[in-house]
Amino acid sequence: LYYLKKTGIRILQGCFSWEESLWEAGKVLLERDSITENYIQQVIHQTKQYGTYMFIAPGLMLAHGRPEDGANRLDVSVTVFKKTVCFSEEQQASVIITLSVIDQESHLNILKDIMGIFSIRERVKEVAGFDSLEDVYQYIEKIVNEIQ
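Residues numbered from 1 in each chain as written. Predicted model: local features only at pLDDT ≥ 70, side-chain atom pairs only at ≥ 80, totals over all residues. Heavy atoms only, no water.

**Considerations on the packing of helix H4 (residues 122–129) against helix H5 (residues 133–147)**
Line of reasoning, step 1. In contact at an axis separation of 9 Å, H4 and H5 are set at 150° when each is read in the N-to-C sense. By the angle between their directions, the pair H4 and H5 is classed as roughly antiparallel. Crossing hand, H4 versus H5: right-handed. In contact with Arg123, Glu126 and Val127 of H4, H5 contributes Val136, Tyr139 and Ile143.
Line of reasoning, step 2. A breakdown of the residues in the contact of H4 with H5 according to their chemical character gives four nonpolar, no polar and two charged. (Axes fitted to C-alpha atoms, helices over the stretch in contact; angles between N-to-C directions. Helix = DSSP H or I, 4+ residues; strand = E, 2+ residues; numbered from the N terminus. Parallel < 35°, antiparallel > 145°, perpendicular 65-115°, else oblique. Left-handed = near helix turned anticlockwise from the far one by under 90°. Contact = heavy atoms within 4.5 Å. Nonpolar A, V, L, I, M, F, W, Y, C, P; charged D, E, K, R; others polar.)

Given below as structure tokens:
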């Protein structure tokens, strides 16, 4: 996945509300100063206002805001929730990809990789099934290499 580093992957065991899950998923980018707290707050606000439109596959959410929401640099993280997070009756997440978007174009390669990886729905379950960061990273890296 374009831009993904091993340090951008987290696997969490606890139970989280959907709002807590978005904070947890955003922490990596927040700690790297790629986004501000306002960016996460805006993702939560957009989810409250518009519903679960950020879900791009069953079990998979692509959490993102707008550049003006507090994006400092292009970055991406993957958070695996071992206990599925309920966003609505129809939408639950086991994987949240958080994307820091700084303009209209620079993130397009990342989106292309995400769509290529998760165009096969079983891959969300496979990623969610891993227990180590290394396994998640190697799996994603392998698929990206196959689709390029």
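So much for the structure itself; the text now carries on.
**Brief notes about the pattern of salt bridges**
Line of reasoning, step 1. Taken as a whole and assessed by the stated rule, the structure comprises 10 salt bridges.
Line of reasoning, step 2. The shortest N-O distance in the salt bridge between Glu68 and Arg66 comes to 3.0 Å.
Line of reasoning, step 3. The class of Glu68 is exposed, set by a relative accessible area of 59%.
Line of reasoning, step 4. Residue class for Arg66 comes out partly exposed when judged on its relative accessible area of 40%.
Line of reasoning, step 5. Residue Asp131 pairs with Lys82 through a salt bridge whose shortest N-O separation is 3.0 Å. With Asp131 in the loop between H4 and H5 and Lys82 in strand S4 (residues 75–86), this pair connects stretches of sequence that are 49 residues apart.
Line of reasoning, step 6. Overall, Asp131 belongs to the exposed group, its relative accessible area being 59%.
Line of reasoning, step 7. A cluster of three or more residues bridged by salt bridges with shared partners is formed by Arg10, Glu24 and Lys27. (Salt bridge = Lys/Arg side-chain N within 4 Å of Asp/Glu carboxyl O. Buried < 20%, exposed > 50% of the residue type's maximum accessible area, 1.4 Å probe, protein only.)

**Section: the nonpolar core**
Line of reasoning, step 1. In this structure, Leu22, Phe87, Val95, Ile96 and Ile97 are the most contacted members of the largest nonpolar core, which totals 47 residues.
Line of reasoning, step 2. In terms of residues, this core owes the most to one element, H5, which gives six residues.
Line of reasoning, step 3. Not counting the four nearest positions on each side in its chain, Ile97 is found in contact with Leu60, Met61, Leu62, Ala63, Val76, Ser77, Val78, Ile114 and Phe118. (Core = buried A, V, L, I, M, F, W, Y, C linked by side-chain atoms within 4.5 Å.)

**So, the sheet that holds S4**
Line of reasoning, step 1. Strand order in this open sheet of five strands is S1-S4-S5-S3-S2, and the pairing throughout is mixed. Strand pairing shows two members of the sheet lacking a second neighbour, strand S1 (9–12) and strand S2 (55–57), which therefore form its edges. Averaged over neighbouring strand pairs, the angle between their axes works out to 25° when direction is ignored.
Line of reasoning, step 2. Pairing analysis gives eight bridges linking S4 to strand S5 (residues 92–100), with the strands arranged antiparallel. When the sheet's bridge partners are listed, Thr79 is paired in S5 with Ile96.
Line of reasoning, step 3. Against the sheet, helix H3 (residues 108–118) engages S2, strand S3 (59–64), S4 and S5, with an angle of about 160° to S5. (Pairing = 2+ DSSP bridges.)

**Section: the packing of aromatic side chains**
Line of reasoning, step 1. Counted under the stated rule, the structure contains five aromatic pairs.
Line of reasoning, step 2. With a centroid separation of 6.2 Å and an interplanar angle of 85°, the aromatic rings of Tyr50 and Tyr53 are classed as edge-to-face.
Line of reasoning, step 3. For Tyr50, a relative accessible area of 52% gives the class exposed.
Line of reasoning, step 4. Members of the aromatic cluster, joined through ring pairs, are Trp18, Phe55 and Phe87. (Phe/Tyr/Trp six-rings, centres within 6.5 Å; stacked < 30°, edge-to-face > 60°.)

**Structural notes on the pairing of S1**
Line of reasoning, step 1. Burial along S1 is two-sided: Ile9 and Ile11 and Arg10 and Leu12, pointing in opposite directions, are all buried.
Line of reasoning, step 2. Two elements, S1 and S4, share four bridges in a ladder whose sense is parallel. Bridging from a neighbouring strand, Ile11 pairs with Val80 of S4.

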